[in-house]
Amino acid sequence: MKKAKKSRTDNLRMYQLLLSKIRHLYRKYDWFTLIVVLLSLHILSAVLLLYFDYETFAQETLARTLWKGTWWFFVTATTVGYGDIVPTTVPGQVVAIFDMIFGIGLMATIIGAGTDRFLERRKLRVRGLKQLQLSNHIVVLGGGAKKKVDKLIGEIRNDHLYCKTDIVICSDAYEENPFSDDIEFVRGPIGSDDVLERACVKDAGFVIIYGYTDDETILTTLTVDEMNRPAFTSVYIRDRSNIRHIDRINKARVAHRFIDGRHYPRIRVITRLNDLMLAREIANPDLSAALLLLMDTTSGSTFYSIQAWPGLDKQIPIPRVRQMLRVNDAHALLVGLKRDEDGSIIMNPEEALNVYPNDLLFVIAQHRPDVDWVSMIQDVQ
């Protein structure tokens with residue numbers, strides 16, 4: 001008895017939940033109302049036609065009979081009128097007249113409502129007000145003038161690893177999306193929770209933060225760190241004295257490793273080179289021009305970083321590593337490395353040093369080197 005009562009209660013709750021969902025859709029979406037009316041009209045006309053004009057629509061199975069009625073309804077409601085199926089009785093023809101009158105108007109309304117919704121969504125996307133649905137994408141928060149952002153987008157697209165990755169630009173500098181159609185745009189202050197949510201920062205794989213001021217950049221970095229700590233994040237800092245604030249965030253990430261049991265990547269800091277190069281240029285003419293050229297992926301050989309034979313337990317001397325990189329099709333030149341063990345960076349490493357698995361190699365190459373470490377290391381053995 002109790003089981004039967006509980007079953008009836010559960011069924012009633014499910015029924016009430018279904019009704020509430022239908023009411024929600026009914027209030028929120030105009031198209032849902034139109035589709036319900038269209039389906040209701042179709043069902044009503046199908047029942048009446050099968051009753052008054054069964055011989056015309058009857059087939060060998062019920063499914064085929066219903067499909068034939070459905071085909072006739074949509075052909076009639078859209079004014080196509082193939083004439084392959086025609087009601088022959090007077091009551092059936094009366095039903096057809098009502099389908100023509102109400103069906104045509106309803107179909108036109110549905111098409112119009114669908115077009116309006118599409119245009120509205122397009123408008124929201126262009127104005128940067130749309131809620132995006134992306135993951136593992138690249139989010140650029142800020143970025144400065146359009147020329148700088150275009151340059152940044154071009155550099156990302158020139159790298160074959162990320163040429164097809166979705167890119168989202170967040171900025172309050174533009175009223176509408178000034179970039180190409182393959183670039184998503186979110187309008188608003190980069191530190192706003194609403195902007196970060198619409199840009200799906202919590203699901204992003206990469207975040208670049210370039211605020212108008214260092215204060216904006218630092219505050220936005222704190223918010224992003226809270227939302228998506230595993231993302232690869234790089235920030236642009238104008239005043240080097242402010243790097244200490246990013247260092248504090250990185251120290252907190254190290255502490256969270258022991259709390260969460262996860263390894264979070266360090267936030268990378270990018271600073272201006274111009275002020276450093278002012279003094280160096282005196283004794284080293286055109287050094288800044290050479291460095292800028294090496295940073296430009298459109299000008300030929302440029303800087304890349306690649307991981308040394310991940311997962312292979314092998315240490316190889318620097319001279320052999322240089323040789324392995326030079327014979328690659330990218331003709332890569334080793335200029336430095338970063339130790340995976342302690343994070344120390346060694347530029348122009350000595351010949352007596354060894355390279356270990358997962359060390360990061362800094363190279364200059366014609367394009368990103370695709371090194372077949374397995375076969376090369378087998379040749380060394």
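Above: the structure in question.
Conventions adopted
- Residues numbered from 1 in each chain as written.
- Predicted model: local features only at pLDDT ≥ 70, side-chain atom pairs only at ≥ 80, totals over all residues.
- Heavy atoms only, no water.
- Helix = DSSP H or I, 4+ residues; strand = E, 2+ residues; numbered from the N terminus.
- Contact = heavy atoms within 4.5 Å.
- Pairing = 2+ DSSP bridges.
- Axes fitted to C-alpha atoms, helices over the stretch in contact; angles between N-to-C directions.
- Phe/Tyr/Trp six-rings, centres within 6.5 Å; stacked < 30°, edge-to-face > 60°.
- Buried < 20%, exposed > 50% of the residue type's maximum accessible area, 1.4 Å probe, protein only.
- Lys NZ or Arg CZ within 6 Å of the ring centre and 35° of its normal.
- Lys, Arg positive; Asp, Glu negative; His and termini not counted.
- Salt bridge = Lys/Arg side-chain N within 4 Å of Asp/Glu carboxyl O.
- Polar contact = N/O pair within 3.5 Å; in protein donor to acceptor, adjacent residues only side chain to side chain.

### Description of the environment of Gly 69
Logical step 1: With respect to the secondary-structure elements, Gly 69 resides in helix H4 (residues 62-77).
Logical step 2: As a C-alpha pair, Gly 69 and Ser 45 span 24 residues in sequence and 8.8 Å in three-dimensional space.
Logical step 3: For Gly 69, the residues in contact, after removing those within four places along its chain, are His 42 and Phe 57.

### Some thoughts on the sheet that holds strand E2 (residues 167-171)
Logical step 1: With respect to topology, six strands assemble into an open sheet ordered E3-E2-E1-E4-E5-E6, the strand pairing being parallel. Single-partner strands in this sheet number two, and they are strand E3 (183-187) and strand E6 (268-271). In this sheet, neighbouring strand axes are inclined to one another by 20 degrees on average, regardless of whether the strands run parallel or antiparallel.
Logical step 2: Sheet topology note: the strand E1 (residues 138-142)/strand E4 (residues 206-210) ladder contains five bridges and is parallel. Note that in E4 the partner of Val 140 across the bridge is Ile 208.
Logical step 3: Contacting E1, E2, E3 and E4, helix H6 (residues 146-158) crosses the sheet at an angle of about 165 degrees to E2.
Logical step 4: Lying over the sheet, helix H9 (residues 243-260) contacts strand E5 (232-237) and E6, oriented at roughly 160 degrees with respect to E5.

### Here's the deal with the packing of aromatic side chains
Logical step 1: One pass over the full model with this rule turns up nine aromatic pairs.
Logical step 2: Between Tyr 51 and Phe 52, the aromatic rings sit 4.9 Å apart at their centres with planes inclined by 80 degrees, giving edge-to-face as the arrangement.
Logical step 3: The exposure class assigned to Tyr 51 is exposed, which follows from its relative accessible area of 66%.
Logical step 4: With relative accessibility at 34%, the residue Phe 52 sits in the partly exposed group.
Logical step 5: The ring of Tyr 264 carries the charged tip of Arg 229 above its face, separated from the ring centre by 5.5 Å.

### Considering the side chain of Asp 214
Logical step 1: With respect to the helices, strands and loops of the structure, Asp 214 is situated in helix H8 (residues 214-227).
Logical step 2: Buried charge Asp 214 goes without a salt bridge, the closest partner of opposite sign being Arg 238 at 4.1 Å.
Logical step 3: Polar contacts involving the side chain of Asp 214 include one to the main-chain amide nitrogen of Asp 239, which spans 2.8 Å.
Logical step 4: Setting aside chain neighbours within four positions, we find Asp 214 in contact with Tyr 236, Ile 237, Arg 238, Asp 239 and Asn 242.

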